[in-house]
Amino acid sequence: MTSSLESALLPAGLRDVLPPEAAHEAAIVEALIARFAAHGYERVRPPLVEFEESLLGGAGAATAGQTFRLMDPVSQRMMGVRADITVQIARIAASRLLKAARPLRLSYAGAVLRVRGTPIMPERELRQVGVEFVGSAAPGADAEVVALAADSLGAVGVTKLSIDLNLPRLVPLLVEQLGIRDAATLRDALDHKDAARVAEAAGVHRTLFGALLAAAGPAPEAMRALSALALGGRAAQEISRLEAVVGLIAEAAPELSLTIDPVEHRGFEYHTGVGFSIFVAGVRGELGRGGRYIAGAGEPATGFTFAMATVLRALPPPLAARRVYLPMGVPAAEARRLRAEGWAALAAIEPASDIAAEARRLGCSHVYRAGRPAALD
Amino acid sequence: MTSDGALVLAVPKGRIQKELMPLLAKAGVVPERAFDDPDSRQLQFATNDPGLSLVRVRSFDVASFVAFGAAQLGVAGHDVLLEFDDPEIYAPLDLGIGRCRIMVAEPVELSKTDDPSRWSHVRVATKYPNVARRHFAARGVQAECIKLNGAIELAPRLGLCRRIVDLVSTGRTLAENGLEEVEHIAHVTSRLAVNRSALKTRPREIGAWIERFRQAVDAAAA
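Residues numbered from 1 in each chain as written. Chains lettered and ligands numbered in written order. Predicted model: local features only at pLDDT ≥ 70, side-chain atom pairs only at ≥ 80, totals over all residues. Heavy atoms only, no water.

S.K.: Would you mind going over the overall build of chain B with me for this structure?
M.R.: If you tally the helices and strands in chain B, you get 9 helices and 11 strands. The C-alpha extent of chain B, read off along each of the three principal axes, is 60 × 35 × 35 Å. For chain B, contacts bridging at least 24 residues in sequence account for 67% of all contacts bridging at least 6. Taken as two groups, the 29 positive and 28 negative side-chain charges of chain B have centres that lie 1 Å from each other. (Helix = DSSP H or I, 4+ residues; strand = E, 2+ residues; numbered from the N terminus. Contact = heavy atoms within 4.5 Å. Lys, Arg positive; Asp, Glu negative; His and termini not counted. Charge placed at Lys NZ, Arg CZ, Asp CG, Glu CD.)

In structure tokens form, the structure reads like this:
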């Protein structure tokens, strides 16, 4: 017995998704894609595997350490299994859809594979669903994708959503403007929001970086604190840009809970402007993240990606399916009628002595009796 | 996991808990009586604030509880946070308690002739394999770590390995075991640790607690 069960062992971070979760996930993915479509985002489907150079070029460089490689026996070239779909959409926009009208609104859903999971997210195969908005640098584009992320999650039933806006370019710009030498130590201390180490690493600029840390919080207060910093130069431009985006989001989605964290950086390695992460109170980790980056041919782009595993954790469990057992002798036309009405109708293939027990054994909620489905119990 | 409801603060057992009691008092947190009793088998404790309860766990477990959001707040040593290096844990406030340092030590005899700058490989006994590996890698030394959970100072004497990476506060235990500090890795104090997702989704509540502890730390320093 043991040996046959051992063959069911899967590599770390991979799993079988069973009923009813598999169907639930697929339904949620389709509902999200439909919502994106309602906002004008058209679906594309890039392949699972590509040549390494195209997958890891440009913005894709940040995913190199997370990408599985394999050799293509046909072309004798190295290929990579995608660790992120955004890079592929950027490639499509810069090549096959180069002549398509801008701004280009695209959506996608698919699996990605990662070399390593994280402690709170040990899965190595992730289902990603997202959109990319290519060809516009306007603050309206940033605001549109944030509002769309909130709207689409709301449409599938996620409540208590909270979006954290970030400026991944701000700290690198300040480091440059102020001529700070040990940027790596400062970056690490800021990543952990470790005020004591930030003060140590920032030296004479400790007041400024302390104020940046303290500025994080609900959007209205954080925006006031950031504007009061009088940073100057390109850092100030980043902040006024954020202010414009916050204003537009507040108009498009007035109910949305917005926070701002000006020093958040991890996971935004290829971002060049306003970024964001999506949280739900009481749910571990992020539902998704997004932000502004440079797509293939130097085009400004923004977008977001949902991690389906976390989105599903933020949703109530699926409702039990309406499943009816059809004992022997139910006419085929009757079965067709029920299926057309949306029933999952299971036809008996052998007579059963206790019909109700047989229906229960097969996980049915109803049994066909006297010309209609009757609820069990 | 609690979504709205009460916040949970995870605190480590032992020495840090004693140093933490005055800070809790200054922050206006009064735990139920059993919390003060080290013999109590109770694990979770109510406080005078219905919005906050305490759990008492081992120091390394504070990081796990906070990283996974089982506790939204925690008191964790900088040593523990360095070892975990978890992106889900923020450490926004230095509590100024539990002061000590992480260092490399070896037998006094050995250190007379040893030149650490010539090392290419070391074997160390430690509670902190990640910290040790990162420290040695940064200075080009390969480290083989033997993970122990306590009594690290015993390792060189019994021949488990010659060097250790451990915490030291006064240096007495080191001296008693014929060991000497040869390299400093990091200063350690306890931090108020916060779960990232909790800070983002309940910014006002968590922010208010950070502020209460900040004022308590300032009052203790004054």
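S.K.: Whenever I open this one, the overall build of chain A confuses me. Can you help?
M.R.: Of the regular secondary structure elements, chain A holds 14 helices and 16 strands. Referenced to the eigenvectors of the C-alpha coordinate spread, the extents of chain A come out at roughly 85 × 55 × 50 Å. Looking at chain A as a whole, 46% of its 377 residues are labelled buried. Accessible surface, chain A: about 18,000 Å² in total, of which carbon and sulfur atoms supply 58%. When the 40 positive and 40 negative side-chain charges of chain A are each reduced to one mean point, those points stand 3 Å apart. (Buried < 20%, exposed > 50% of the residue type's maximum accessible area, 1.4 Å probe, protein only. Areas by Shrake-Rupley, 256 points an atom, 1.4 Å probe, with all protein chains shown as cover.)

S.K.: Is there a simple way to think about the sheet that holds strand β8 (residues 142-147) of chain B in this case?
M.R.: Hydrogen bonds between backbone groups are what pair the strands of a sheet, and the pairing can be parallel or antiparallel. Residue and element names in this part refer to chain B. Taken in spatial order, the 5 strands make up an open sheet running β8-β7-β9-β6-β10, and their pairing is mixed. Each of the sheet's edge strands pairs with one partner strand only, and the pair in question is β8 and β10 (179-188). If you compare each strand with its neighbour and ignore which way they point, the axes differ by 30° on average. When strand β7 (residues 121-126) meets β8, the two strands line up parallel, connected through 6 bridges. The residue of β8 that forms the bridge with His-121 is Gln-142. Each of β6 (100-107), β7, β8, β9 (163-168) and β10 touches helix α5 (residues 129-138); the most contacted strand, β8, lies at about 170° to it. (Pairing = 2+ DSSP bridges. Axes fitted to C-alpha atoms, helices over the stretch in contact; angles between N-to-C directions.)

S.K.: I'm lost on the packing of aromatic side chains in this one. Help?
M.R.: Geometry of an aromatic ring pair is reported as the spacing of the ring centres plus the angle between the planes. Residues and elements named next belong to chain A. Overall, the coordinates contain 11 aromatic pairs over all chains when judged by the stated rule. Judged by centre distance (5.9 Å) and plane angle (85°), the rings of Tyr-270 and Tyr-293 are edge-to-face. Note that Tyr-270 is positioned in the loop between β9 (257-261) and β10 (271-280) and Tyr-293 in strand β11 (residues 288-295), a separation of 23 residues in sequence. For Tyr-293, a relative accessible area of 2% puts it in the buried group. Ring pairing ties together the aromatic residues Phe-36, Phe-276, Phe-304 and Phe-306, which thus form one cluster. (Phe/Tyr/Trp six-rings, centres within 6.5 Å; stacked < 30°, edge-to-face > 60°.)

S.K.: Can you walk me through the confidence of the model for chain B in this structure?
M.R.: Regions with low pLDDT should not have their predicted coordinates read in detail. When the pLDDT values of chain B are averaged, the result is 93; 98% of them are 70 or greater. The ipTM assigned to the predicted complex is 0.88, against a pTM of 0.90. (pLDDT = per-residue confidence, 0-100.)

S.K.: So what exactly am I meant to see when it comes to the nonpolar core here?
M.R.: For soluble globular proteins, nonpolar side chains are generally found buried alongside one another. Counting residues in hydrophobic clusters, the biggest one holds 67 residues, and the most contacted among them are A:Phe36, A:Leu165, A:Phe209 and A:Leu287. Beyond its immediate stretch of four places on either side in the chain, A:Phe209 contacts A:Val171, A:Leu174, A:Leu178, A:Ile180, A:Leu186, A:Leu190, A:Val198 and A:Ala202. Ranked by size, the runner-up nonpolar core spans 34 residues in total, among them B:Ala63, B:Leu82, B:Ile89 and B:Val124. (Core = buried A, V, L, I, M, F, W, Y, C linked by side-chain atoms within 4.5 Å.)

S.K.: Please explain helix α6 (residues 170-178) of chain A as it appears in this structure.
M.R.: Note on helix geometry: an α-helix contains 3.6 residues per turn, so any two residues three or four positions apart are oriented the same way. Residues and elements named next belong to chain A. Every buried residue of α6 is listed here: Leu-170, Val-171, Leu-173, Leu-174 and Val-175. Buried-residue contacts for α6 involve α7 (183-191), α9 (206-215) and α11 (233-252). One or two residues past the end of α6 sits Gly-179, with phi positive at roughly 65°.

S.K.: Explanation requested: the interface of chain B and chain A in the structure shown.
M.R.: Much of the literature gives interface size as the accessible area that the parts lose upon coming together. Each side of the interface is counted separately: chain B has 24 residues, and chain A has 28 residues. Here chain B meets chain A over a buried area of about 2,300 Å², counting both sides, of which 54% is carbon and sulfur. Considering only the side of chain B, the residues that lose the most area to chain A are B:Phe68, B:Arg196 and B:Lys200, jointly responsible for 25% of the buried surface there. Measuring nitrogen to oxygen at the nearest pair gives 2.6 Å for the salt bridge that ties A:Asp261 to B:Lys200. For the pair chain B and chain A, the interface holds 12 residue pairs in polar contact (both at pLDDT 80 or more). Broken down by secondary-structure element, the contributors of at least two residues to the side of chain B that touches chain A are β5 (89-94), α8 (196-201) and α9 (203-221) of chain B. When the residues that make up the side of chain B that touches chain A are grouped by side-chain class, the tally is 10 nonpolar, 5 polar and 9 charged. (Buried area = accessible area lost by both parts, 1.4 Å probe. Salt bridge = Lys/Arg side-chain N within 4 Å of Asp/Glu carboxyl O. Polar contact = N/O pair within 3.5 Å; in protein donor to acceptor, adjacent residues only side chain to side chain. Nonpolar A, V, L, I, M, F, W, Y, C, P; charged D, E, K, R; others polar.)

S.K.: Is there a simple way to explain the pairing of strand β11 (residues 190-195) of chain B in this structure?
M.R.: The two faces of the sheet receive side chains in turn, since in a regular strand these alternate between them. All names here are of chain B. Within β11, 6 of the 6 residues are buried, leaving the element largely enclosed by the surrounding structure. Pairing of strand β4 (residues 73-77) with β11, which is carried by 5 bridges, proceeds in the antiparallel orientation. Looking at the pairing, Gly-77 lines up with Ser-190 of β11. In the sheet, β5 pairs with β11 via 4 bridges, with the strands oriented antiparallel. By the bridge assignment, Leu-93 is partnered in β11 with Leu-192.

S.K.: Looking at this structure, how should I read helix α8 (residues 195-202) of chain A?
M.R.: All names here are of chain A. Of all the residues in α8, the buried ones are Arg-197, Val-198 and Ala-202. With its buried residues spanning 125° around the axis, α8 presents them on a single face. After α8 finishes, the residue Gly-203 shows a positive phi value of roughly 55°. (Arc of directions from axis to C-beta.)

S.K.: Can you help me understand the pattern of salt bridges in this one?
M.R.: A side chain with one charge can pair with a side chain of the opposite charge if their charged atoms come near. All told, the structure shown has 39 salt bridges over all chains when counted by the stated rule. In this structure, the salt-bridge partner of B:Arg214 is B:Glu211, at a minimum N-O distance of 3.2 Å. Of this pair, B:Arg214 and B:Glu211 both sit in helix α9, separated by 3 residues, roughly a single helical turn. You can call B:Arg214 partly exposed: its relative accessible area is 31%. Taken together, the salt bridges that share partners define one network made up of A:Asp164, A:Lys193, A:Asp261, A:Glu264, A:Glu286, A:Arg289, B:Glu88, B:Arg196 and B:Lys200.

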